[in-house]
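Structure assessment
Below, each chain spelled out in residue letters.
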Amino acid sequence: MSHIDDADEIRSLAIGDVGQLFEDATFPTTTEEVLAEFADVEIVYPRESDPLRAILETSGHETYETKDELELAILNGVRRDAVGRPRYSDRGDSPHETDEHMRSQQSF
């Protein structure tokens, strides 16, 4: 959820709630327009956070046709550790770590 830090007037938003930020936005929109309204937003994820400005500056996009496109640019722009452990999967063992019998019983 989002909140305002009284000392700094920074709006914080958890990475999973990014979509809520743009529910009332009009599309298409540009990076400049997004930052004019949301420059004070800090995207928070486990153990770290980044200003929305820094995230969007890495995306390389300048015009977003839809809310989904803007959200994707943000999710692609966050650091690797923002979305969990690198190379982690909850789908079980990877095929090269199992024997042939187990591999034949896994569904992908």
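Figured I'd write up the structure that's included with this text.

Definitions and limits used
Residues numbered from 1 in each chain as written. Predicted model: local features only at pLDDT ≥ 70, side-chain atom pairs only at ≥ 80, totals over all residues. Heavy atoms only, no water. Helix = DSSP H or I, 4+ residues; strand = E, 2+ residues; numbered from the N terminus. Contact = heavy atoms within 4.5 Å. Areas by Shrake-Rupley, 256 points an atom, 1.4 Å probe, with all protein chains shown as cover. Salt bridge = Lys/Arg side-chain N within 4 Å of Asp/Glu carboxyl O. Buried < 20%, exposed > 50% of the residue type's maximum accessible area, 1.4 Å probe, protein only. Axes fitted to C-alpha atoms, helices over the stretch in contact; angles between N-to-C directions. Parallel < 35°, antiparallel > 145°, perpendicular 65-115°, else oblique. Nonpolar A, V, L, I, M, F, W, Y, C, P; charged D, E, K, R; others polar. Core = buried A, V, L, I, M, F, W, Y, C linked by side-chain atoms within 4.5 Å. Pairing = 2+ DSSP bridges.

1. Quick word on the overall build of the chain
Regarding its fold elements, the chain presents five helices and six strands. Reading the chain from its N end, one meets helices and strands in the order β-β-α-β-α-β-β-α-β-α-α. Intrachain contacts of the chain at a sequence separation of at least 6 include 51% that bridge at least 24 residues. Just so you have it, the chain exposes about 7,700 Å², and 47% of that area is on carbon and sulfur atoms.

2. Points about the pattern of salt bridges
Two side chains carrying opposite charge are able to pair once their charged atoms lie near each other. Scanning the model with the defined rule gives one salt bridge in all. Across the pair Lys-67 and Glu-71 runs a salt bridge, and its minimum N-O distance is 3.9 Å. Here Lys-67 pairs with Glu-71, and both are found in helix H4 (residues 67-77), just four residues apart, close to one helical turn. Overall, Lys-67 belongs to the partly exposed group, its relative accessible area being 28%.

3. A short note on the packing of helix H3 (residues 52-59) against H4
When two helices pack together, their arrangement is captured by the angle between the axes and the distance separating the axes. Following both chains from N to C, one finds H3 and H4 inclined at 95°, their axes separated by 8 Å at the closest point. Classed by the angle they form, the pair H3 and H4 counts as roughly perpendicular. Residues Leu-52, Ile-55, Leu-56, Thr-58 and Ser-59 of H3 touch H4, and the partners they reach there are Leu-70, Ala-73, Ile-74 and Gly-77. Looking at the contact of H3 with H4, its residues break down into six nonpolar, three polar and no charged.

4. Looking at the nonpolar core
Counting 19 residues, the largest nonpolar core has Phe-22, Ile-43, Leu-52, Leu-56 and Ile-74 as the members making the most contacts within it. Sorting the residues of this core by element identifies helix H1 (18-21), helix H2 (31-38), strand S4 (41-45), H3 and H4 as the ones contributing at least two each. Once you skip the residues sitting within four places of it in the chain, Ile-74 turns out to touch Val-18, Phe-22, Leu-52, Ile-55 and Leu-56.

5. Observations concerning the pairing of S4
Counting buried positions over the five residues of S4 gives four, a clear majority of the element. In terms of strand pairing, S4 meets strand S5 (residues 48-51) through four bridges, oriented antiparallel. Along S5, the bridge assignment pairs Ile-43 with Asp-50. A loop of two residues connects S4 with S5, the two strands running antiparallel in sequence, and Arg-47 in this loop sits at a positive phi of about 70°.

6. Quick word on the packing of H2 against H3
Two elements in contact, H2 and H3, have axes whose closest approach is 10 Å; the angle formed by their N-to-C orientations is 175°. In terms of axis orientation, H2 runs roughly antiparallel to H3. Mapping the contact onto sequence places Thr-31, Val-34, Leu-35 and Phe-38 in H2 and Leu-52, Arg-53 and Leu-56 in H3. The class makeup of the residues in the contact of H2 with H3 is five nonpolar, one polar and one charged.

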